[in-house]
Amino acid sequence: MRRLTVALACVTVLSCGALADPQTVAAQTAATAGGGRGTNILVVGIDSRAGLSRAEKNRLHVGGKGCNCTDVMMLVHLSEDRRRASVVSIPRDSYVEYAGTAGPARSGKINGAFALGGGPLTVATVEKATSLHVDHYLETGFAGFERTIDNLGGGTVCTDRPLKDENSGLDIGAGRHHTDGNTTLRYARARHVNLRPGDLGRVRRQQRVVNDLLTRLTFEGALASPVRTARTVHTLLRTVRTDSRTGPGDLIRIGWALGRLRADRTEFATVPIRLFDHRVPGVGSTLVWDEARSAALWEALGADRPITGDTRIQPVAETPAPTSPAAVAVRVDDASVAAALRRGGFVVTDTSPSAPPVRPAGPPVIRYAPGQEEHAATLAAALPGSRLEAVPGHDALFDVAVGTDTVQVKTVTYDRNIADGAPVTGDRLRCAEAPAPARVPAARS
């Protein structure tokens, strides 16, 4: 099951809470307070195409063979006082040591634990890798996903530029989109888009969709009455399975707590990565966690503390950059500035021999083609005080024209974890515009 099924699992928990009487749920929640350092729920989506016809595979653009492995994994931590929720995505290619396998210890991608031992081994492996206890387990499958999203009124997608992925069939323009189930699925599966390619970019986009779907359902009143909630639950529970330790009472208590949280009391993050293409014979390309930062993340959750604002998890660079300097090719008409930028990791061509004999007044000017704003921001961070000019028809390289002002060149720090998975609260992660009112469709049986 592809990534957006996490939204279904999360919303299912929230919806179940609305089925119970508020006083009953509040009493149950109070009764469990003080019993531990919060509650951890592991939500996984399985990559399986079992039961889909050829026509369904073609319509959903999901040809190929499923791996019977977890394609999405989120660890949801609900604080002990029920006033905060932290959702941490664990990338499927994370290289970890499996739990409980017979014989010598065996390592591989974390998504492979499901193929080896199903949900129980997946839970045990996550517990071993994070040192956290998993209290509840939710699992979603592939079948019925498109229909469920449609029944919920669709999804929400935000992008500042067009996104296209031939593998998933995604092709959408810039802006805010209210998407049907088919398009939402393609967006959730996209791994080869022109913006934020790879697994971490997809995880962050998935977190945005989950966040906005929950916001919109609440805004539209999908959980506002027992009848509407029952319809929503009827739809969602057809795609969600739980472990033997997770019963309706657990879902009610968790759902009631989640339903009372403001967006700024929810947190989303991805496990910090140190190596993004760690090659392992027989396993392939894997992701290796940043040992110190990931340990700080799990320690914070174990201690029931917020993960946003924790500099051990996400250090604050002196001069952060949104993209890697190594991806920015620039022509510079001053030899000393060119040399300094080259030392900072930029790809530099020194054009000082053709520089004008009289420098223009003012700071350096950075000229570039429209659509290169992120790289332009990286270059501007290295040249504080410079002016940015987007020039239609400009080639792919950047041009720096040095003026009469003294130029300071700073060394910038690019951290892919910041761009693709830094801890952030839900109010900052969701689409900027408020969801428009819409009719809440009745669930189809």
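Structure report, in brief. (Residues numbered from 1 in each chain as written. Predicted model: local features only at pLDDT ≥ 70, side-chain atom pairs only at ≥ 80, totals over all residues. Heavy atoms only, no water.)

### Quick word on helix 6 (residues 181-189)
Burial analysis of helix 6 places eight of its nine residues in the buried class, the great majority of the element. Of the positions making up helix 6, those classed as buried are Gly181, Asn182, Thr184, Leu185, Arg186, Tyr187, Ala188 and Arg189. (Buried < 20%, exposed > 50% of the residue type's maximum accessible area, 1.4 Å probe, protein only. Helix = DSSP H or I, 4+ residues; strand = E, 2+ residues; numbered from the N terminus.)

### Quick look at the state of the cysteines
Note: disulfide means a covalent bond formed between the sulfur atoms of two cysteine side chains. Under the definition given, this model contains one disulfide. What pairs with Cys67 in a disulfide is Cys69, and their sulfur atoms sit 1.7 Å apart. Across the S-S bond of Cys67 and Cys69 the torsion is about -65°, and the bridge reads as left-handed. For Cys67, a relative accessible area of 36% puts it in the partly exposed group. Judged by its relative accessible area of 6%, Cys69 is buried. (Disulfide = S-S within 2.5 Å.)

### With respect to empty space enclosed by the protein
Over the atoms, a rolling probe the size of a water molecule traces out where space has been left empty. On inspection of all chains with the given rule, the structure shows one cavity of 30 Å³ or more. If you trace the largest cavity, you find it lined by Leu200, Thr270, Val271, Pro272, Ile313, Gln314, Asn417, Gly421, Ala422 and Pro423. Class assignment for the residues of the lining of the largest cavity results in six nonpolar, four polar and no charged. (1 Å grid on protein atoms, 1.4 Å probe; cavity = no way out; pocket = protein on both sides within 12 Å on 5 of 7 lines; lining within 4 Å. Points joined across faces, edges and corners; volume = space filled by probe spheres on them. Nonpolar A, V, L, I, M, F, W, Y, C, P; charged D, E, K, R; others polar.)

### What about the sheet that holds strand 18 (residues 365-368)?
Spatially, 17-16-20-18-19 is the arrangement adopted by the five strands of the open sheet, whose pairing is mixed. Both outer strands of the open sheet, strand 17 (347-350) and strand 19 (387-390), are each paired with one neighbouring strand and no more. Within the sheet, the average angular offset between the axes of one strand and its neighbour, ignoring direction, is 25°. For strand 16 (residues 329-332) and strand 17, the ladder comprises four bridges, and the chain directions are parallel. Of the residues in strand 17, the one forming a bridge with Val332 is Asp350. (Pairing = 2+ DSSP bridges. Axes fitted to C-alpha atoms, helices over the stretch in contact; angles between N-to-C directions.)

### Quick word on the side chain of Arg92
Within the element layout of this structure, Arg92 appears in the loop between strand 3 (85-89) and strand 4 (95-97). Among the polar contacts listed, one links the side chain of Arg92 to the side chain of Asp71, at a separation of 2.3 Å. (Polar contact = N/O pair within 3.5 Å; in protein donor to acceptor, adjacent residues only side chain to side chain.)

### With respect to the pattern of salt bridges
In a structure, side chains of opposite charge can pair up when their charged atoms sit close to one another. Summed over the entire model, instances satisfying the criterion amount to 20 salt bridges. For Arg202, the salt bridge goes to Asp71, with nearest N and O atoms at 4.0 Å. Linking Arg202 in helix 7 (residues 199-219) with Asp71 in strand 2 (residues 69-78), this pair joins segments that are 131 residues apart in sequence. The two residues Arg202 and Asp71 agree in class, both being buried. Between Arg84 and Asp304 there is a salt bridge, with its nearest N and O atoms 3.6 Å apart. Here Arg84, found in the loop between strand 2 and strand 3, pairs with Asp304, found in the loop between helix 10 (291-302) and strand 15 (320-321); they are 220 residues apart in sequence, far enough to count as distant. Residue Arg84 is classed as buried on the basis of its relative accessible area of 8%. Linked through salt bridges whose partners overlap, the residues forming this network are Glu299, Arg305, Asp310 and Arg312. (Salt bridge = Lys/Arg side-chain N within 4 Å of Asp/Glu carboxyl O.)

### Re the packing of aromatic side chains
Taken as a whole and assessed by the stated rule, the structure comprises two aromatic pairs. Summarising the aromatic geometry, the rings of Trp289 and Trp298 are spaced 5.7 Å apart at their centres and angled 50° between planes, so their arrangement reads as tilted. Taking relative accessible area as the criterion, Trp289 reaches 9% and is therefore assigned buried. Look at Tyr368 and Phe398: their rings are 5.8 Å apart centre to centre, the planes differ by 25°, and that puts the pair in the stacked class. In this pair, Tyr368 is assigned in strand 18 and Phe398 in strand 20 (residues 398-401), connecting sequence segments 30 residues apart. No difference in accessibility class separates Tyr368 from Phe398, as the two residues are buried. (Phe/Tyr/Trp six-rings, centres within 6.5 Å; stacked < 30°, edge-to-face > 60°.)

### Some points on the pairing of strand 3
Extensive coverage of strand 3 is indicated by the burial of five of its five residues. Burial along strand 3 is two-sided: the residues Ala85, Val87 and Ser89 and Ser86 and Val88 are all buried. Strand direction decides the pairing type here: strand 2 and strand 3, joined by five bridges, are antiparallel. By the bridge assignment, His77 is partnered in strand 3 with Ser86. In textbook terms, the turn of a hairpin is the stretch between consecutive antiparallel strands, and for strand 2 and strand 3 this stretch comprises six residues, one of which, Arg82, has a positive phi near 60°.

Shape descriptors only; they carry no functional weight alone.
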